[in-house]
Amino acid sequence: MWIGVGLLVFLGLAGWAAYSFLIRPAQALVNDFRQIVVLDSKVERQGAYIPPANRQLDPEQLQRFLAVQRSVKQQLGERYQRVEARLNQLAGQQAGQLKLDYRTALDLFRDSSSLVLDAKGLQVQALNRQDFSIQEYAWVRSQVYAALGYAVPNLNPQEILRQIAARDFNPTVEMLKPEAPQANIQLVEPFRQELLSYYPFTWFGL
């Protein structure tokens with residue numbers, strides 16, 4: 001009898017843990033990705049962006065990019081500061097990786113509620129202030145982090161939603177790291193620590 005009761009308690013705890021650490025964060029991820037797609041449509045510049053043939057960042061582009069990140073962090077305020085150490089840890093774990101394990105990323109949802117979604121709303125406002133299109137910002141982001149030795153996701157929110165809908169609570173995404181021109185490496189390096197503290201947000205299209 002006691003064995004049976006113990007087994008029921010164990011199964012109950014296991015079910016609670018699965019819900020708390022996998023299912024509920026994955027459900028939050030689904031909800032946030034759906035809203036991220038909607039928020040992207042509010043970026044004023046929606047046209048195509050043709051990157052330079054030499055793949056070199058313009059210093060003015062980098063400053064606009066930094067302005068977007070700084071605006072998001074500043075407006076998140078204490079909420080960002082509370083998770084900054086965790087963001088740095090996640091960035092360190094992902095260094096050099098070409099696949100993203102979203103189970104790690106789900107920690108942001110379990111511990112920080114709507115942080116990523118709120119950051120996305122702030123980012124859209126900053127993109128409009130800095131006259132970024134979605135495509136130009138995405139290109140600059142990939143070049144900036146490639147210059148630091150980091151890949152960014154080839155993000156397809158619909159595919160992530162499909163994986164989670166199929167009860168795959170650990171969706172994986174291919175990462176892209178284009179070859180970085182030396183000029184980009186020299187341009188970006190002075191801002192390494194600042195950029196890496198924001199890096200996990202790029203996993204969600206920020």
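Check the entry above for the structure.
First things first, this report covers the structure right here in the doc. Here the structure is a predicted model, which means the values were calculated and not measured.

1. Things to note about the overall build of the protein
Turning to step 1, where the next piece is worked out: Looking only at helices and strands, one finds 9 helices and 3 strands in the protein.
Turning to step 2, where the next piece is worked out: Starting at the N terminus and walking to the C terminus, you meet the elements of the protein as α-α-α-β-α-α-α-β-α-β-α-α.
Turning to step 3, where the next piece is worked out: Counting only residues that meet the buried cut, the protein has 45% of its 206 residues in that class.
Turning to step 4, where the next piece is worked out: If you take every contact in the protein between residues at least 6 apart in sequence, the share linking residues at least 24 apart comes to 87%.
Turning to step 5, where the next piece is worked out: Accessible surface, the protein: about 10600 Å² in total, of which carbon and sulfur atoms supply 55%.

2. Details of the environment of serine 41
Turning to step 1, where the next piece is worked out: Secondary-structure assignment places serine 41 in the loop between helix H1 (2-40) and helix H2 (59-76).
Turning to step 2, where the next piece is worked out: Judged by relative accessible area, which is 53%, serine 41 ranks as exposed.
Turning to step 3, where the next piece is worked out: On a C-alpha basis, the gap between serine 41 and isoleucine 134 in space is 9.2 Å, while along the polypeptide they are 93 residues apart.
Turning to step 4, where the next piece is worked out: Within the structure, the side chain of serine 41 is placed 2.4 Å from the backbone oxygen of valine 38, a separation counted as a polar contact.

3. Looking at the packing of H2 against helix H5 (residues 115-129)
Turning to step 1, where the next piece is worked out: Direction vectors running N to C along H2 and H5 enclose 135 degrees, while the axes themselves pass 9 Å from each other. Compared by their axis directions, H2 and H5 come out oblique. Considering the relative orientation of H2 and H5, their crossing is right-handed. Facing Val68, Ser71, Val72, Gln75 and Leu76 of H2, the residues of H5 in contact are Leu115, Asp118, Ala119, Leu122, Gln123, Gln125, Ala126, Leu127 and Arg129.
Turning to step 2, where the next piece is worked out: In the contact of H2 with H5, the residues fall into 8 nonpolar, 4 polar and 2 charged.

4. Some points on the pattern of salt bridges
Turning to step 1, where the next piece is worked out: Enumeration according to the criterion identifies 8 salt bridges in this entry.
Turning to step 2, where the next piece is worked out: Taking the shortest distance from any N to any O, the salt bridge between arginine 79 and aspartate 118 comes out at 2.7 Å. One end of the pair, arginine 79, is in helix H3 (residues 78-94); the other, aspartate 118, is in helix H5, and 39 residues separate them in sequence.
Turning to step 3, where the next piece is worked out: Judged by relative accessible area, which is 27%, arginine 79 ranks as partly exposed.
Turning to step 4, where the next piece is worked out: Close ionic contact of arginine 192 with glutamate 189 constitutes a salt bridge, the shortest N to O distance being 2.9 Å.

5. Describing the environment of lysine 73
Turning to step 1, where the next piece is worked out: As for its position among the elements, lysine 73 is in helix H2.
Turning to step 2, where the next piece is worked out: Residues contacting lysine 73, with those up to four places away along its chain left out, are Tyr80, Glu194, Ser197 and Tyr198.

6. Digging into H2
Turning to step 1, where the next piece is worked out: With 18 residues, H2 ought to run about 26 Å at 1.5 Å a step, and its terminal C-alpha atoms sit 26 Å apart, in line with that.
Turning to step 2, where the next piece is worked out: All of the buried residues in H2 are Gln61, Leu62, Arg64, Phe65, Leu66, Val68, Gln69, Ser71, Val72, Lys73 and Leu76.
Turning to step 3, where the next piece is worked out: On its buried face, H2 sits against H3, H5, helix H6 (134-147), helix H8 (182-188) and helix H9 (192-198).
Turning to step 4, where the next piece is worked out: Two to three positions downstream of the cap, the backbone nitrogen of glutamate 60 sits 2.7 Å from a side-chain oxygen, assigning the N-cap of H2 to aspartate 58.
Turning to step 5, where the next piece is worked out: At the exit of H2 stands glycine 77, carrying a positive phi of roughly 60 degrees.

7. A closer look at H6
Within an α-helix, residues lying three or four positions from one another point in the same direction, as the helix has 3.6 residues per turn.
Turning to step 1, where the next piece is worked out: For H6, built from 14 residues, the straight-helix expectation of 20 Å at 1.5 Å per residue is met to within 8% by its first-to-last C-alpha distance of 20 Å.
Turning to step 2, where the next piece is worked out: Residues of H6 that are buried include every one of Glu136, Tyr137, Trp139, Val140, Arg141, Ser142, Gln143, Val144, Tyr145, Ala146 and Ala147, and no others.
Turning to step 3, where the next piece is worked out: Where H6 is buried, its residues contact H2, H5, strand S2 (152-153), H8 and H9.
Turning to step 4, where the next piece is worked out: The first or second residue beyond H6 is glycine 149, which carries a positive phi of 90 degrees.

8. Here's the deal with unusual backbone geometry
Turning to step 1, where the next piece is worked out: Even without being glycine, arginine 55 reaches a positive phi, approximately 65 degrees.
Turning to step 2, where the next piece is worked out: Examined against the element boundaries, arginine 55 turns out to sit in the loop between H1 and H2.
Turning to step 3, where the next piece is worked out: Unlike most non-glycine residues, aspartate 131 shows phi in positive territory, near 60 degrees.

Here is what the cut-offs are and how they apply
- Residues numbered from 1 in each chain as written.
- Predicted model: local features only at pLDDT ≥ 70, side-chain atom pairs only at ≥ 80, totals over all residues.
- Heavy atoms only, no water.
- Helix = DSSP H or I, 4+ residues; strand = E, 2+ residues; numbered from the N terminus.
- Buried < 20%, exposed > 50% of the residue type's maximum accessible area, 1.4 Å probe, protein only.
- Contact = heavy atoms within 4.5 Å.
- Areas by Shrake-Rupley, 256 points an atom, 1.4 Å probe, with all protein chains shown as cover.
- Polar contact = N/O pair within 3.5 Å; in protein donor to acceptor, adjacent residues only side chain to side chain.
- Axes fitted to C-alpha atoms, helices over the stretch in contact; angles between N-to-C directions.
- Parallel < 35°, antiparallel > 145°, perpendicular 65-115°, else oblique.
- Left-handed = near helix turned anticlockwise from the far one by under 90°.
- Nonpolar A, V, L, I, M, F, W, Y, C, P; charged D, E, K, R; others polar.
- Salt bridge = Lys/Arg side-chain N within 4 Å of Asp/Glu carboxyl O.
- Expected span 1.5 Å × (residues − 1).

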